[in-house]
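Coordinate inspection notes
Listed below are the residues making up each chain.
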Amino acid sequence: MEKNARPADGVSAGRLSALWYVYILLCGDNTLYTGITQDVNRRLAVHRTGRGAKYTRGRGPLSLVYVEAQPDKSAALRREHQIKSLTRAQKDALRAGWTGLPL
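Residues numbered from 1 in each chain as written. Predicted model: local features only at pLDDT ≥ 70, side-chain atom pairs only at ≥ 80, totals over all residues. Heavy atoms only, no water.

Focus on the nonpolar core
Note the threshold: As used here, the term nonpolar core means buried Ala, Val, Leu, Ile, Met, Phe, Trp, Tyr and Cys residues forming a set that is joined through side-chain atoms within 4.5 Å. With a 1.4 Å probe rolled over the protein chains alone, any residue whose accessible area is under 20% of its type maximum counts as buried; one over 50% counts as exposed, and the rest are partly exposed. Secondary structure is summarised from DSSP: a helix means a run of H or I of at least four residues, a strand means a run of E of at least two, and numbering begins at the N terminus for each. Residue contacts are defined here by distance: any two heavy atoms, one from each residue, within 4.5 Å place the two residues in contact.
Membership of the largest hydrophobic core is limited to 12 residues, which are Leu 19, Tyr 21, Tyr 23, Leu 25, Cys 27, Tyr 33, Val 40, Leu 44, Ala 53, Leu 62, Leu 64 and Val 67. If you list the elements that add at least two residues to this core, you get strand E1 (20-26), helix H2 (40-48) and strand E3 (63-70). With three residues, the single largest contributor to this core is E1. Those residues in contact with Leu 25, other than ones at most four positions away along the chain, are Thr 31, Leu 32, Tyr 33, Leu 44, His 47, Thr 56, Leu 62, Ser 63, Leu 64 and Val 65. Leu 26, Ile 36, Val 65 and Ala 76 belong to the second largest nonpolar core, which has 10 residues in total.

In structure tokens form, the structure reads like this:
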């Protein structure tokens, strides 16, 4: 099985390794953190253990408040930059429209 493969769930391992996600976390101090990953659940778990981004360490509890799928890493990086450039009000509006994980 490939490194990024998951158990048989109707999605090929090739597609999983190609998808990237932009996510926003709400930190315990009411700040937002934006990042990218190929596995949102795994990355959130890493953040929660304190081994994720330096910014999120000591800012728990962390809540996943937005996820957006991107076709590749380059697109995810561009979208992450766009989101980080938004005002807090614009980020709040973006996450208010989110209905759940697109996984």
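This is not the end of the story, as more comes after the structure.
Some details on the sheet that holds strand E2 (residues 32-37)
To keep it simple, the criterion reads: Two strands qualify as a pair provided DSSP detects at least 2 bridges between them. Here an axis means a line fitted to C-alpha atoms, over the contact stretch when the element is a helix, while the angle between two N-to-C directions is reported on a 0 to 180 degree scale.
An order of E2-E1-E3 is seen for the three strands of this open sheet, with the pairing classed as antiparallel. Two strands in the sheet have a free side with no partner beyond their single neighbour: E2 and E3. Geometrically, the sheet is characterised by an average inter-axis angle of 20 degrees between neighbouring strands, direction not taken into account. The pairing of E1 with E2 spans six bridges and is classified as antiparallel. Across the sheet, residue Tyr 23 finds its bridge partner in E2, namely Gly 35.

What about the packing of aromatic side chains?
Applicable threshold: In this scheme Phe, Tyr and Trp rings, the latter by its six-membered ring, pair at centre separations within 6.5 Å, and the angle between planes marks the pair as stacked below 30 degrees, edge-to-face above 60, and tilted otherwise. Whether a charge lies above a ring is judged from NZ of Lys or CZ of Arg, which has to be within 6 Å of the ring centre and within 35 degrees of the ring normal.
Tallying each qualifying case throughout the model produces three aromatic pairs. Measuring from centroid to centroid gives 6.2 Å for Tyr 33 and Tyr 55, while their planes differ by 20 degrees, and the two rings are stacked. In this pair, Tyr 33 sits in strand E2 while Tyr 55 sits in the loop between H2 and E3, placing the two residues 22 residues apart along the sequence. Of the residues examined, Tyr 55 reaches a relative accessible area of 33% and is grouped as partly exposed. Taken together, the aromatic side chains of Tyr 23, Tyr 33 and Tyr 55 make up a single cluster linked through ring pairs. Its guanidinium or amino end placed over the ring of Tyr 55, Arg 59 lies 3.8 Å from that ring's centre, counting from NZ or CZ.

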